[in-house]
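Fold and geometry: a report
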Amino acid sequence: MRLLHSSDWHLGHVLYQHERLDEFEYMLESIRQILEREQPDAFVVSGDIFHTPTPSRLAQRLFVDKLKAMRQSAPDTTIVVSSGNHDSGLGLEVARPLWSELDVHIIGQIERQDSLASDLDKHIIEVRPRGELCGYIVALPYSTPRNFPQIEGSAAESGEERQAAYVQALLKRCHELNTSGLPIILMAHLTALPDYRDPHDIIGGLEHTDINSFGTHYDYLALGHIHKPWTLRTNAPNTARYSGSPIAMDFDETHQPSVSLVSIEGRHSHIETQPLPTLRPLITFPDQAIPFDKALQKLQESLRTTPEQEGYLRLQVLETHADLPSDARQRCSEILANSGLRFCLIRGGQPREHIGVERGLDISVEELQSLPPLDLALRYYQEQRCQAMPDNLQTKLRQAIAQAQTSDE
């Protein structure tokens, strides 16, 4: 069985007031070309289709047009799209009957009756390229652990226990249907333990899930939520992987955007990373922080050398934001006015203070607006204590953030 795995499109994302519709169109067209060339048995998108639960009309139109084009380019490929924490599960489900006419499966919400799970078969999709059954996809839409329904007859109490019981019930049901021992693909949108702990690559600040609690009745776990491609270690012979975002969301996301092409034989998965071209790169200039005036001079010299260069610019300087001239942003914008570069922000240096003096977090308004709550807290803790936040405190903070986000919903 051959599978193309993607996630975290974030259609409609605005980068420091810059619209990116043409970049998303370019990215989706690149994925369509891979689908057309490879003709995989299945194509899964594991959540965060849109950047907000209420995407713009243009972002929704782009999704519809490009997904239709993907279906036309790979007519025998089973396509499954599930929701992420940035999506409205209900919003995705609205058009589900229409998408089913094109043999595109949209899974936005968990089926439930009162507080109990119902209709597990909704989440189990047969993979039938050219009419011949070759595997199954078990699509798990995004939900916080505390919102998972109870499996009838289960004694699970905590949210984590209900989540694990629900996934195990789905896989058990799929295993019952899978009388020929065909590959089973589980797709989910969450932050997984045990071996990924870099907070700078975690988007949204949600709590961790131990994927070993899901059991072993699957061959490949197609994950979304972390933006960097990553293959996890598990206690089972199966494979769990984040495909990563196919487009950078922030300047600190420096990895090569890609999708994952997966070949499954038996219980072994061979993963081939398919790199994606970038229409407009995110550039931090210069490579090392220097004084503001020198940085501007160096930027002007660079523009004379490569005036046709396009991208988004983050200027990196030694001064803190408090020490920068009041017209610093205006001067940057004026220098870039006739170039292909779009100014985003100035990355200021860290204040040098004596130990014992109250520390503050030196951060621009733009960075403050764009950082997830967890990342902001981690940076503040580092500034205050001159050390990383302990793991147990990070876990409690993630739980508090998740509960607050659930309350807002």
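So, a few notes on the structure that sits alongside this text. Because the structure is a prediction, the values reported are computed rather than measured. (Residues numbered from 1 in each chain as written. Predicted model: local features only at pLDDT ≥ 70, side-chain atom pairs only at ≥ 80, totals over all residues. Heavy atoms only, no water.)

Scanning the protein for helices and strands turns up ten helices and 19 strands. The proportion of buried residues among the 409 residues of the protein is 53%. A separation of at least 24 residues holds for 68% of the contacts in the protein among residues at least 6 apart in sequence. Carbon and sulfur atoms form 48% of the exposed surface of the protein, whose accessible area is close to 19100 Å². (Helix = DSSP H or I, 4+ residues; strand = E, 2+ residues; numbered from the N terminus. Buried < 20%, exposed > 50% of the residue type's maximum accessible area, 1.4 Å probe, protein only. Contact = heavy atoms within 4.5 Å. Areas by Shrake-Rupley, 256 points an atom, 1.4 Å probe, with all protein chains shown as cover.)

Moving on, we get to the environment of Val 138. Within the secondary structure, Val 138 is located in strand S8 (residues 135-139). Exposure remark for Val 138: the relative accessible area of 0% places this residue in the buried category. For the pair Val 138 and Leu 120, spaced 18 residues apart in sequence, the C-alpha to C-alpha distance is 9.5 Å. Each residue touching Val 138, except ones within four places of it in the same chain, is listed here: His 123, Ile 124, Leu 170, Leu 171, Cys 174, Ile 184, Ile 185, Leu 186 and Met 187.

Turning our eyes to something else, we now look at the sheet that holds strand S17 (residues 282-290). As a general point, the strands of a sheet are linked pairwise by backbone hydrogen bonds and lie either parallel or antiparallel. A sheet is described by the order of its strands in space; here three strands give the open sequence S17-S18-S19, paired in parallel fashion. Of all strands in the sheet, those with a lone pairing partner are S17 and strand S19 (340-347), marking the two edges. Pairs of neighbouring strands in the sheet enclose a mean axial angle of 25°, with direction left out of account. As defined by bridge partners, S17 adjoins strand S18 (residues 310-317) across five bridges and the pair is classed as parallel. In the sheet register, Phe 285 faces S18, and the bridge partner there is Leu 315. The sheet contacts of helix H6 (residues 292-305) involve S17, S18 and S19, and relative to S17 the element is tilted by about 135°. (Pairing = 2+ DSSP bridges. Axes fitted to C-alpha atoms, helices over the stretch in contact; angles between N-to-C directions.)

Turning our eyes to something else, we now look at the pattern of salt bridges. For the coordinates displayed, the defined rule picks out 20 salt bridges. A salt bridge links Arg 20 to Glu 23, with the nearest nitrogen and oxygen atoms 3.2 Å apart. Given a relative accessible area of 3%, Glu 23 falls into the buried group. Between Lys 122 and Glu 111 there is a salt bridge; the shortest N-O distance is 2.9 Å. Of the two residues, Lys 122 sits in the loop between strand S6 (116-117) and strand S7 (124-127) while Glu 111 sits in the loop between strand S4 (104-107) and strand S5 (112-113), which places them eleven residues apart along the sequence. (Salt bridge = Lys/Arg side-chain N within 4 Å of Asp/Glu carboxyl O.)

Moving on, we get to H6. Over its 14 residues, H6 extends 20 Å from the first C-alpha to the last, a length consistent with the 20 Å expected when each residue adds 1.5 Å. Inspection of H6 places Phe 292, Ala 295, Leu 296, Leu 299 and Leu 303 among the buried residues, and these make up the whole buried set. All buried residues of H6 project into a common sector of 100° when viewed along the axis, lining one side. Structural note: H6 exposes Asp 293, Lys 294, Arg 304 and Thr 305 on the side pointing more than 90 degrees away from its buried face. Contacts from the buried residues of H6 go to S17, S18, helix H7 (328-336) and S19. (Expected span 1.5 Å × (residues − 1). Arc of directions from axis to C-beta.)

Right, let's talk about the packing of helix H1 (residues 21-38) against helix H2 (residues 57-73) for a bit. One way to put it is that H1 packs onto H2 with a least axis distance of 9 Å and a crossing angle of 15°. Taken together, the axes of H1 and H2 lie roughly parallel to each other. The chirality of how H1 crosses H2 is right-handed. Contacts from Leu 21, Phe 24, Glu 25, Leu 28, Glu 29, Ile 31, Arg 32, Leu 35 and Glu 36 in H1 reach Leu 58, Ala 59, Leu 62, Lys 66, Ala 69, Met 70 and Ser 73 in H2. Split into classes, the residues belonging to the contact of H1 with H2 amount to ten nonpolar, one polar and five charged. (Parallel < 35°, antiparallel > 145°, perpendicular 65-115°, else oblique. Left-handed = near helix turned anticlockwise from the far one by under 90°. Nonpolar A, V, L, I, M, F, W, Y, C, P; charged D, E, K, R; others polar.)

Before going further, it helps to spend a moment on unusual backbone geometry. The residue after Phe 285, namely Pro 286, is reached through a cis peptide bond having omega -10°. Here Pro 286 shows up in strand S17. Even without glycine at this site, Gln 17 takes up a positive phi of about 70°. You can see Gln 17 is positioned in the loop between strand S1 (2-6) and H1. Since its relative accessible area comes to 62%, Gln 17 is described here as exposed. Phi at His 225 takes a positive value of approximately 125°, unusual for a residue other than glycine. Relative to the helices and strands, His 225 is located in the loop between strand S12 (220-224) and strand S13 (230-232).

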